[in-house]
Amino acid sequence: MRKTKLSDPNTNGFIGHDHNNDGIDRRGFLKCMAWAGTGALCVIEGGVLTSRALAFDMGSKTKSHKMGELSFVQISDSHMGFNKPANPDVIATLQAAVDKINALPEQPEFILHTGDISHLSKPSEFDMVDQILKATNKEIFFVPGEHDVLNDDGAMFRERYAKKSRGQGWYSFDKNGAHFIGLVNVMNLKAGGLGTLGSEQLQWMKNDLKHLKHSTPIVVFAHIPLWTVYPQWGWGTDDSAQALSYLKKFGSVTVLNGHIHQTMQKVEGNITFHTAFSTAFPQPAPGRAEGPGPMKVPAEQLRSILGITDVNYVQGRQALAVVDSSLV
Amino acid sequence: MTKKKLLFSGMAVVLPLALAMVLVLHPIRAKSEAAASPMEVRVDNFTFGPDTLTVPVNSTVTWVNKDDVPHTIASSDRVFKSKALDTDDKYSYTFAKVGTYAYYCSIHPKMVGKIVVQ
Ligand SMILES: [Cu+2]
């Protein structure tokens, strides 16, 4: 299978024929265009490259009709409680993210938060995030980051955000014909390893997908990337290949992650991978610093590398448009 | 706001804090310096330094987190485990038995270290 890595938003990646012989045509283009130098718009469509006016896809105010049949927003890594130089005011930047969401011309139906809601798993930190996000007036689905399950194996997280979940907090739901799966890969981590899903969760996922038509668009969201971004920094999930093998038969799969505090895209076969901005602080590009810790940038630049992700799904097509937009 | 006012209001915050820090930190620092700090492991930039530390039996080893993100100290054999340590938080464990103790950060499991007790 040909892999195309698209860490540069100006790159156009092309996926050729693959040879899985499973009857699914995975020909397609992924086209990413820089948005105002700070974000990327990606459109993937099976077989045909459609080129749309950028302003249309970006949700410009001039847009006159509804673009997608399903629209949602992903936010990530709000790290409430963090107060170090990389961002001394994570409350203000999360509020800016909420303002950004509320200003979207096409209002998303719901929000996915891909973890690290809090910095230190404190009730007061969760309370603050809840209070700020309330202003979106939207249903919000959460998966935990490692910062949300620090001292209680995620008990408080599940009590607050995933009451109806299975196991350590995983669950699935359907929206407008698309199937969403929230996974937990931040617990029971083994020495020397990466993120972990575990056999119980993998078995659940396999069963969860069993009854679905192969034409059902699938969106998988989890905190740590489900593709290996940079194992030296722990940016990957040990048993993600197993999870991805269950998704091969589906025509359209989108995987949304956080954790690495920067946007990245990759297409592999039928699966589009995407990582989101943080709303709190940036982290360095893989290998570009001694470690993956919070990155201090000049104050006036901070909001250009924090942001939200807007996702639009057009029913009846294999199209899922993923648009990152920075806070400024 | 004028420069003078800024400086003043800044001092008003910083001064008592600095005083408090000196009062709190001094005895601890004196103690660890007396032992020339061989029993300390610094958690910095997502690494344990030193990653292997050899100590005599009955030594107390102290880990201190110098990162902007929390870490834990978790024995691979579940002999000991700290809570999440925020910046400058410390965790100590006394090794009463000879042996090699592998440990890692349970939040960032790529971070591994070893205490050799002789
Ligand atoms: Cu750690």
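Just above sits the structure.
It should be emphasised that the depicted structure is a prediction, and the values quoted were computed from it without experimental measurement.

I'm lost on the packing of aromatic side chains in this one. Help?
Any two aromatic rings considered together are summarised by their centre-to-centre distance and by the angle between their planes. For the structure shown, the criterion picks out 25 aromatic pairs over all chains. Centre to centre, the rings of Phe141 of chain A and Phe173 of chain A are 3.9 Å apart; their planes meet at 15°, and the pair counts as stacked. Here the residue Phe141 of chain A occupies a position in strand β7 (residues 139-142), and Phe173 of chain A occupies one in strand β8 (residues 171-175), the gap between them amounting to 32 residues. When sorted by exposure, Phe141 of chain A lands in the same class as Phe173 of chain A, which is buried. With centroids separated by 6.1 Å and ring planes inclined at 75°, the aromatic side chains of Tyr171 of chain A and Phe221 of chain A adopt a geometry described as edge-to-face. Linking Tyr171 of chain A in strand β8 with Phe221 of chain A in strand β10 (residues 218-222), this pair joins segments that are 50 residues apart in sequence. A relative accessible area of 11% places Tyr171 of chain A in the buried class. In textbook terms, an aromatic cluster arises when at least three aromatic residues are bridged by ring pairs, as seen for Phe48, Trp63, Phe80, Tyr91, Tyr93, Phe95, Tyr101 and Tyr103 of chain B.

How do you make sense of unusual backbone geometry when you look at a structure like this?
In most cases, non-glycine residues show a negative phi, while peptide bonds are predominantly trans. In this structure, Pro50 of chain B follows Gly49 of chain B across a cis peptide bond, with omega equal to 0°. For Pro50 of chain B, the location among the structural elements is in the loop between β2 (47-49) and β3 (52-55). In this structure, Asp77 of chain A takes a positive phi of about 50° despite not being glycine. Residue placement: Asp77 of chain A occurs in the loop between β5 (70-75) and α2 (90-102). What makes Asp77 of chain A buried here is its relative accessible area of 0%. Phi angles above zero are rare outside glycine, and Arg78 of chain B is one such case at about 60°.

I'm lost on the interface of chain A and chain B in this one. Help?
A common way to report how large an interface is uses the accessible area buried once the components associate. Each side of the interface is counted separately: chain A has 23 residues, and chain B has 17 residues. For the pair chain A and chain B, the summed buried area comes to about 1,700 Å², and 63% of that belongs to carbon and sulfur atoms. Our enumeration of links across chain A and chain B arrives at 0 salt bridges. At the boundary of chain A and chain B, one finds 7 residue pairs in polar contact (both at pLDDT 80 or more). Classifying every residue of the side of chain A that touches chain B by side-chain character gives 10 nonpolar, 9 polar and 4 charged.

Honestly, α2 of chain A in this entry has me stumped. Any pointers?
Residue and element names in this part refer to chain A. Between the first and last C-alpha of α2 there are 18 Å, a value that for 13 residues agrees with the 18 Å anticipated at 1.5 Å per step. The complete set of buried residues in α2 reads Val90, Thr93, Leu94, Ala96, Ala97, Val98 and Ile101. Buried residues belonging to α2 abut β5, β6 (110-113), α3 (123-133) and β14 (307-313).

Rules used in this analysis
Residues numbered from 1 in each chain as written. Chains lettered and ligands numbered in written order. Predicted model: local features only at pLDDT ≥ 70, side-chain atom pairs only at ≥ 80, totals over all residues. Heavy atoms only, no water. Phe/Tyr/Trp six-rings, centres within 6.5 Å; stacked < 30°, edge-to-face > 60°. Helix = DSSP H or I, 4+ residues; strand = E, 2+ residues; numbered from the N terminus. Buried < 20%, exposed > 50% of the residue type's maximum accessible area, 1.4 Å probe, protein only. Contact = heavy atoms within 4.5 Å. Buried area = accessible area lost by both parts, 1.4 Å probe. Salt bridge = Lys/Arg side-chain N within 4 Å of Asp/Glu carboxyl O. Polar contact = N/O pair within 3.5 Å; in protein donor to acceptor, adjacent residues only side chain to side chain. Nonpolar A, V, L, I, M, F, W, Y, C, P; charged D, E, K, R; others polar. Expected span 1.5 Å × (residues − 1).

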